[in-house]
Amino acid sequence: MLRPSRALASLLALAVPATSSAATSPRSFKGEYTVSFLGLSIARATFSSHYEGDSYAIDGTVSAAGLGRLFDDTKGTISSKGIISDKRMTPQVFRADYTSGKKASMVDIRFSNGSVTSTQVVPAPKKRDPKSWVPIGDGDLKSVLDPMAATVIHADSLDKVCGRTVKFYDGEMRADLTLTYASKGSISVPGYKGDTVTCRMGFEPVAGYRKGRKALNYLKNRSRMLVTFAPVGQSGVYAPIRATVGTQIGPLTISAGRFEAVN
């Protein structure tokens, strides 16, 4: 399972504005997010994305905040680069660098044609018990998305955002995220005011995890996860503007304080 800092990155990856190759000139977007646990702020994140032609680049910063700093003073940067092909994000490079106190960690994933070609994790994972560990096979890392690209949805309308499965890889675990329709609504935050669609999110670990882990079993079988998407301009792309994840000890909420085009 993820180290704490990498788990934070995966949760914050639910908050990445993006656009499509339909743009005729470079476009940039910015999102500012707060992560709250039981109503108390524990982390903040800012993501900036830039798109030109068929290429995209997303850069983000994350840090513990409020109550979270009492338990884990994590700070880090995240970046994802790739191309957009057939209305789909196709990553080429994903990198995350974190410090937690005096400890540093790094994840670097390289892709080719949508498949993972290499993964580097520092510090290196400990040796796994083959009796309880589900290893990643060669076929598990084909047509997968990194934590940032995984939640950018290309759709013809709000009605077609949900009803799909996303293959997700964070450098250690491969999982499937399923989105099914829950409801429609509206939201108003700095930079955006308008319609939204909310999807229920299911979690299915595929490989790269320890069998019997209680936290994973809870996410798979009992957690109530909802993700609310909003359109990014007129691009035909929808990005999360709010998400709630039920955990064993209470709900985790990720919400946008700003969601806007900056040029």
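Residues numbered from 1 in each chain as written. Predicted model: local features only at pLDDT ≥ 70, side-chain atom pairs only at ≥ 80, totals over all residues. Heavy atoms only, no water.

1. Some points on the overall build of the chain
Definition in use: Helix numbering and strand numbering both begin at the N terminus, where a helix is a DSSP run of H or I of at least 4 residues and a strand a DSSP run of E of at least 2. Buried, partly exposed and exposed residues are distinguished by accessible area as a fraction of the type maximum, computed with a 1.4 Å probe on protein chains only: under 20%, between the cut-offs, and over 50%, respectively. Should any heavy atoms of two residues lie within 4.5 Å, those residues are counted as being in contact. Residue-level accessible areas treat just the shown protein chains as cover; the underlying method is Shrake-Rupley with a 1.4 Å probe.
Along its length, the chain carries two helices and 16 strands. Across the 263 residues that make up the chain, the buried fraction comes to 48%. In the chain, the proportion of contacts linking residues at least 24 apart, taken out of those at least 6 apart, comes to 56%. A total of about 12800 Å² of accessible surface is found on the chain, and carbon and sulfur atoms cover 50% of it.

2. So, the pattern of salt bridges
Applicable threshold: In what follows, salt bridge is the name for a side-chain nitrogen of Lys or Arg lying within 4 Å of a carboxyl oxygen of Asp or Glu.
Considering all chains together, one arrives at ten salt bridges under this definition. Salt-bridge contacts for arginine 95 lead to aspartate 108; the nearest nitrogen and oxygen are separated by 3.4 Å. Placement of arginine 95 in strand β5 (residues 88-100) and of aspartate 108 in strand β6 (residues 103-112) is noted, with a sequence separation of 13 residues between them. A relative accessible area of 32% means that arginine 95 is categorised as partly exposed. On the basis of relative accessible area, aspartate 108 is assigned to the buried category, the value being 6%. Here arginine 258 and glutamate 260 are joined by a salt bridge, their closest N and O atoms 3.2 Å apart. On the accessibility criterion, glutamate 260 (23% relative accessible area) is partly exposed. Through salt bridges with shared partners, one network takes in Arg95, Asp97, Asp108 and Arg110.

3. Quick notes on unusual backbone geometry
Residue proline 123 follows valine 122 across a cis peptide bond; omega there is -5°. Within the secondary structure, proline 123 is located in the loop between β7 (115-122) and β8 (133-134). Even without being a glycine, asparagine 113 presents a positive backbone phi close to 55°. Along the chain, the position of asparagine 113 falls in the loop between β6 and β7. Relative accessible area serves as the criterion here: at 76%, asparagine 113 is assigned to the exposed category.

4. A closer look at the pairing of β6
This is how the line gets drawn: In this description, strands pair whenever DSSP reports at least two bridges between them.
Looking at chain direction, β5 and β6 are connected through eight bridges and run antiparallel. The residue bridging valine 93 from the neighbouring strand is arginine 110, located in β6. Where β5 hands over to β6, the hairpin turn is made up of two residues, of which glycine 101 adopts a positive phi near 70°. Bridging between β6 and β7 involves seven bridges; their strand directions are antiparallel. What sits directly across from aspartate 108, in β7, is glutamine 120. Where β6 folds back onto β7 in an antiparallel hairpin, the turn is made up of two residues, including asparagine 113, whose phi is positive at roughly 55°.

5. Re the state of the cysteines
Note the threshold: When the sulfur atoms of two cysteines come within 2.5 Å, that pair is taken as a disulfide.
This structure, assessed with the given rule, holds one disulfide. Covalently, cysteine 162 is tied to cysteine 199 through a disulfide, its sulfur atoms 1.9 Å apart. In this structure the cystine formed by cysteine 162 and cysteine 199 twists about its S-S bond by roughly -85°; its chirality is therefore left-handed. Here cysteine 199 lies in strand β12 (residues 192-207) and cysteine 162 lies in the loop between β9 (153-154) and β10 (164-169), a separation of 37 residues in the sequence. The buried category is assigned to cysteine 199, whose relative accessible area is 0%.

6. Some points on the side chain of arginine 174
Just so we agree on the cut-off: Distance and chemistry together define a polar contact, namely a pair of N or O atoms within 3.5 Å, with one atom able to donate a hydrogen and the other to accept it when in protein, and with adjacent residues in sequence counting only for side-chain atoms on both sides.
Mapped onto the elements, arginine 174 comes out in strand β11 (residues 174-189). The buried category is assigned to arginine 174, whose relative accessible area is 5%. Of the polar contacts made by the side chain of arginine 174, one reaches the side chain of aspartate 176; its length is 3.0 Å. Ignoring anything within four residues of it in the chain, the contact list for arginine 174 reads Ile136, Asp140, Leu141, Val144, Lys167, Phe168, Tyr169, Pro205, Val206 and Ala207.

7. A word on the environment of lysine 30
Mapping lysine 30 onto the fold places it in strand β1 (residues 27-37). Sequence separation of lysine 30 and phenylalanine 47 is 17 residues, and the distance between their C-alpha atoms is 5.7 Å. Here the side chain of lysine 30 touches glutamate 32 through a polar contact of 3.4 Å, side chain to side chain.

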